[in-house]
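This is what each chain is made of:
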Amino acid sequence: EHRFAQFKLVLLGESAVGKSSIVQRFVKDSFSDFRESTIGAAFLTQTVDLDANTTVKFEIWDTAGQERYRSLASIYYRNAQAALVVYDITQESSLDKAKYWIKELQKQARGGIIIALVGNKTDLEQERKVSSEEAESFAKGLGLLYFEVSAKSGTGVRECFKQIALKMPIE
Ligand code: GDP
Ligand code: MG
């Protein structure tokens, strides 16, 4: 018998860290260098097959990082069962913003929410400002999942969603 489960997943993080690009890579397996910034939030869906008998569908809310939308974000994360908190490995300040969102989730989101800290833009390794060790030890210290990805090359993106899917409570 085929098992099918669906979960709400929200993306949070500073503007321009690549949230929409990660979603575009995961949903359409494509990338564009000139993305229009997200207004409010965008909704997309994509499935992950965990094995021949198990499919997980993610209902994805891609939020806008701009200050003026910050208060709206809670509408999207309040009912989320999973969250990707994204930073840009070439922008130190974007990790601080990710830490802010993680705190916010821990205060306001549902109990049992699966949170992943995701460092994007690993194709820009030569411009890296945040070490993997720093970010990973922060994430692991809080019991969060941790991934590094590149929406541009696609490296790590599917694996990140698959690992989250594996953590979801499927009856
Ligand atoms: P958002 O505001 O967090 O949704 O970020 P966007 O997805 O709109 O991306 C912001 C900018 O970063 C765009 O110019 C993207 O093309 C670029 N970008 C996103 N992901 C990557 C990546 O993995 N590598 C590189 N080099 N650029 C990226
Ligand atoms: Mg966006």
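Below you will find a few notes about this structure. (Residues numbered from 1 in each chain as written. Chains lettered and ligands numbered in written order. Predicted model: local features only at pLDDT ≥ 70, side-chain atom pairs only at ≥ 80, totals over all residues. Heavy atoms only, no water.)

1. A closer look at the overall build of the chain
Here comes step 1: Helices and strands together make up the secondary structure of the chain, namely 5 helices and 6 strands.
Here comes step 2: Secondary structure elements of the chain occur, N-terminal to C-terminal, as β-α-β-β-α-β-α-β-α-β-α.
Here comes step 3: The C-alpha radius of gyration of the chain comes to 15 Å, within 12% of the 16 Å expected for a compact globule of 171 residues.
Here comes step 4: Taken along its principal axes, the extent of the C-alpha atoms in the chain is 50 × 35 × 35 Å.
Here comes step 5: Per-residue burial for the chain yields a buried fraction of 49% across its 171 residues.
Here comes step 6: A separation of at least 24 residues holds for 73% of the contacts in the chain among residues at least 6 apart in sequence.
Here comes step 7: Measuring between centres, the 23 positive side-chain charges of the chain sit 5 Å from its 23 negative side-chain charges. (Helix = DSSP H or I, 4+ residues; strand = E, 2+ residues; numbered from the N terminus. Rg over C-alpha atoms; globule rule 2.2 N^0.38 Å. Buried < 20%, exposed > 50% of the residue type's maximum accessible area, 1.4 Å probe, protein only. Contact = heavy atoms within 4.5 Å. Lys, Arg positive; Asp, Glu negative; His and termini not counted. Charge placed at Lys NZ, Arg CZ, Asp CG, Glu CD.)

2. Focus on the nonpolar core
Here comes step 1: Within the largest apolar cluster, 29 residues are counted, with the highest numbers of intra-cluster contacts made by Leu9, Ile22, Phe58, Leu84, Val118, Phe161 and Ile164.
Here comes step 2: Residue assignment for this core shows that the elements contributing at least two residues are strand S1 (3–13), helix H1 (19–28), strand S2 (41–51), strand S3 (54–63), strand S4 (82–88), strand S5 (114–120), strand S6 (145–148) and helix H5 (157–167).
Here comes step 3: For this core, the leading source of residues is H5, giving 5 residues.
Here comes step 4: With sequence-adjacent residues up to four places away left out, Phe58 is seen in contact with Phe7, Leu9, Phe26, Leu44, Thr45, Gln46, Val48, Phe161, Ile164, Ala165 and Met168.
Here comes step 5: The next biggest cluster of nonpolar side chains, apart from the first, holds 24 residues, and it includes Ala73, Ile89, Ala109 and Leu144. (Core = buried A, V, L, I, M, F, W, Y, C linked by side-chain atoms within 4.5 Å.)

3. Side note on the sheet that holds S5
Here comes step 1: The strand order across the open sheet formed by 6 strands is S2-S3-S1-S4-S5-S6, and the pairing between neighbours is mixed. Each edge of the open sheet carries a strand with a single partner, namely S2 and S6. Averaged over all pairs of adjacent strands, the angle between strand axes in this sheet comes to 25°, irrespective of strand direction.
Here comes step 2: Bridge count for S1 against S4 is 5 bridges, and the pairing is parallel. Each bridged residue has a counterpart across the sheet, and for Leu9 the counterpart in S4 is Ala82.
Here comes step 3: Contacts from helix H4 (residues 132–141) reach S4, S5 and S6, with the element oriented near 160° to S6.
Here comes step 4: Along the sheet, H5 makes contact with S1, S2, S3, S4, S5 and S6, crossing S2 at roughly 75°. (Pairing = 2+ DSSP bridges. Axes fitted to C-alpha atoms, helices over the stretch in contact; angles between N-to-C directions.)

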